[in-house]
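The residues making up each chain are set out below.
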Amino acid sequence: MSNGALAELLSSWLPAQRWFAGSGAIVREITITSDVQLSAGDPESRHLIIAATVGAETVSYQVLVGLATDLRPELGPAVIGTLPDGRIAYDGAVDPGLTSLLLTWIAEQRRAGRLRFVAEAGAVIDTTSPGRTLPALHSNTGVVFGDKAILKLLRRPFTGHHPDVEIPATLARAGSRLVAAPLGWIELDELDGAGGEPATLAILSEFFPNSTDAWSIATASVHDGASSFTGQARLLGEATAELHDELAEAFGTAALPRPALADLRRDLVAEFTAAREVVPALAGYERAIADCYARVTELTGQVTIQRIHGDYHLAQVIGTGDGWVVLDFEGEPSVPLARRRAYAPALRDVAGMLRSFDYAGRHQSLADPGDQLLKAVASDWVDRCQDAFCAGYGAASGSDPRQHGALLRALTLQKAVYEAVYEARHRPGWLPIPLHAIAEAADGGGR
């Protein structure tokens with residue numbers, strides 16, 4: 001196989017993938033930095049790490065490539081292109097035959113070139129079930145095997161200990177039922193060939209077949225009455241506090257030094273300044289936001305920091321027969337791994353969930369912004385669920401998040417500013433949701 005020819009095909013295919021960070025931009029250069037044959041024959045399976053350069057930035061991606069002389073019709077949407085030898089290159093992550101190979105090799109703890117397949121000690125891995133690839137996500141591809149395991153292929157690998165292995169594995173070994181226990185993983189000896197730390201490429205975890213994500217449960221309840229989700233929101237608050245307790249026990253805590261509060265304020269202001277360039281409407285709230293951020297430096301009590309989830313919202317939690325289970329501890333994929341693993345106030349997760357309730361309640365009003373009754377129902381639902389979540393968190397932790405008003409307001413506002421930038425770039429129709437929250441905070445109505 002000519003790597004040059006395949007790289008050329010990938011440069012055209014890559015920008016159309018949902019998990020590509022370039023948002024459809026033209027790829028200036030692609031270099032295949034790792035190429036490992038997983039299986040010969042027809043189809044052939046190759047595991048690639050590619051470095052894609054868009055503008056001045058170069059990002060590494062993981063692609064499982066299948067090469068076949070005749071492609072099965074159901075794999076048609078996965079075509080990458082045709083090579084000079086006539087074989088069709090396609091995304092092997094949607095081919096059950098190729099993804100099942102990854103599962104088997106994890107169970108057998110194999111090694112292939114620079115790839116290492118690892119099984120968690122004591123894990124039971126059923127290799128008889130074919131893979132079922134889930135719809136594409138922003139940063140990874142999920143493959144479900146039967147009703148016991150799910151493999152998450154991290155499309156953008158990073159060097160270093162991956163928090164979505166590190167945290168669930170540590171907590172599960174300690175007996176936690178709040179996380180999906182890892183069953184195994186795949187790692188690359190070194191991502192850039194420079195002799196650094198291994199990079200996690202894929203994570204095999206416990207799967208909950210009869211679960212429903214909290215976002216789906218919550219959004220379905222908005223118009224069922226104001227109290228329809230408050231009980232579950234309170235239980236979610238309790239589970240979140242328990243999760244933070246488990247994280248503190250497993251990874252320790254520290255006190256945020258007083259000078260770090262000034263650093264936090266500086267970071268918040270810098271983020272807002274950058275966001276204002278993307279969302280000009282934010283300029284009207286600059287004074288109120290600056291005042292909110294300034295109060296962070298006036299905090300008198302100790303601010304405890306610890307390991308947190310880092311990207312906490314309703315879609316990261318699933319409801320099972322045994323309660324809530326928290327998923328996806330990788331954090332925001334665009335943030336450097338060291339920052340994602342750093343200590344932070346647990347209130348950052350709380351702020352993320354409060355903003356998620358706001359999204360769940362208000363997004364349905366976007367289709368009819370003039371319907372005042374719909375807005376009133378949504379607003380009441382949001383307030384009740386946020387209060388129930390905080391009450392549950394306080395009952396389980398002994399510290400109600402609402403008692404930390406200045407810090408919680410600042411972190412919640414920071415999240416809303418981040419959301420405004422995201423929506424302006426990716427979903428302009430949803431921009432009114434974070435702008436509404438920012439306007440409320442500016443008027444003194446934010447919590």
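The structure this text deals with has already been given above.
Cut-off values and rules
Residues numbered from 1 in each chain as written. Predicted model: local features only at pLDDT ≥ 70, side-chain atom pairs only at ≥ 80, totals over all residues. Heavy atoms only, no water. Helix = DSSP H or I, 4+ residues; strand = E, 2+ residues; numbered from the N terminus. Rg over C-alpha atoms; globule rule 2.2 N^0.38 Å. Buried < 20%, exposed > 50% of the residue type's maximum accessible area, 1.4 Å probe, protein only. Contact = heavy atoms within 4.5 Å. Lys, Arg positive; Asp, Glu negative; His and termini not counted. Charge placed at Lys NZ, Arg CZ, Asp CG, Glu CD. Expected span 1.5 Å × (residues − 1). Polar contact = N/O pair within 3.5 Å; in protein donor to acceptor, adjacent residues only side chain to side chain. Core = buried A, V, L, I, M, F, W, Y, C linked by side-chain atoms within 4.5 Å. Pairing = 2+ DSSP bridges. Axes fitted to C-alpha atoms, helices over the stretch in contact; angles between N-to-C directions. Parallel < 35°, antiparallel > 145°, perpendicular 65-115°, else oblique. Left-handed = near helix turned anticlockwise from the far one by under 90°. Nonpolar A, V, L, I, M, F, W, Y, C, P; charged D, E, K, R; others polar.

K.L.:
Please clarify how the overall build of the protein chain should be interpreted in this entry.
P.N.:
Broken down by element type, the protein chain carries twelve helices and 18 strands. The C-alpha radius of gyration computed for the protein chain amounts to 23 Å, which stays within 12% of the reference 22 Å derived for 447 residues, consistent with globular compactness. Considering the protein chain as a whole, with its 447 residues, one finds that 50% of them fall into the buried category. Restricting the contact set of the protein chain to residue pairs at least 6 apart, pairs at least 24 apart contribute 67%. Counting 38 positive and 54 negative side-chain charges, the protein chain places the centres of these two groups 4 Å from one another.

K.L.:
Is there a simple way to think about helix H10 (residues 372–397) in this case?
P.N.:
Each turn of an α-helix holds 3.6 residues, which means side chains three or four residues apart point in the same direction. Given a rise of 1.5 Å per residue, 26 residues ought to cover 38 Å, and the 37 Å separating the end C-alpha atoms of H10 matches this to within 8%. What H10 keeps buried is the set Leu374, Ala378, Trp381, Val382, Cys385, Gln386, Ala388, Phe389, Cys390, Gly392, Tyr393 and Gly394. Where H10 is buried, its residues contact helix H4 (214–221), helix H5 (230–251) and helix H9 (347–362). Of the residues that open H10, the one with a side-chain oxygen 3.2 Å from the backbone nitrogen of leucine 373 is aspartate 371. One or two positions beyond H10, positive phi appears at glycine 398, with a value near 85 degrees.

K.L.:
Sorry, what's going on with the nonpolar core here?
P.N.:
Most often, soluble globular proteins keep nonpolar side chains buried together rather than apart. Within the largest apolar cluster, 65 residues are counted, with the highest numbers of intra-cluster contacts made by Leu236, Tyr293, Phe357 and Trp381. If one sorts the elements of this core by residue count, helix H11 (residues 405–426) sits on top with ten residues. Leave out the neighbours within four places in its chain, and tyrosine 293 touches Arg265, Leu268, Val269, Phe272, Ala410, Leu413, Gln414 and Val417. Counting residues in hydrophobic clusters, the runner-up holds 33 residues, among them Tyr90, Trp105, Ile106 and Ile125.

K.L.:
How should the sheet that holds strand S14 (residues 253–255) be read in this particular structure?
P.N.:
Sheet strands associate in pairs through backbone hydrogen bonding, adopting either a parallel or an antiparallel arrangement. A sheet is described by the order of its strands in space; here three strands give the open sequence S14-S15-S18, paired in antiparallel fashion. Either end of the sheet is taken by a strand with one partner, and the two such strands are S14 and strand S18 (344–345). Relative to S18, strand S15 (residues 304–306) runs antiparallel, the two being bridged by two bridges. Considered in S18, the bridge of glutamine 306 is made with alanine 344.

K.L.:
Looking at this structure, I do not really get the packing of helix H6 (residues 258–278) against H11. What am I missing?
P.N.:
If you want to describe how two helices pack, look at the angle between their axes and the distance between the axes. With their axes 10 Å apart at the nearest point, H6 and H11 run at an angle of 25 degrees to one another. Here H11 runs roughly parallel to H6, going by the angle between their axes. The element H6 and its partner H11 pack so that their crossing is left-handed. Here H6 contributes Leu264, Leu268, Glu271, Phe272, Ala275 and Val278 to the contact with H11, which in turn contributes Leu407, Ala410, Gln414, Val417, Val421, Ala424 and Arg425. Classifying every residue of the contact of H6 with H11 gives ten nonpolar, one polar and two charged.

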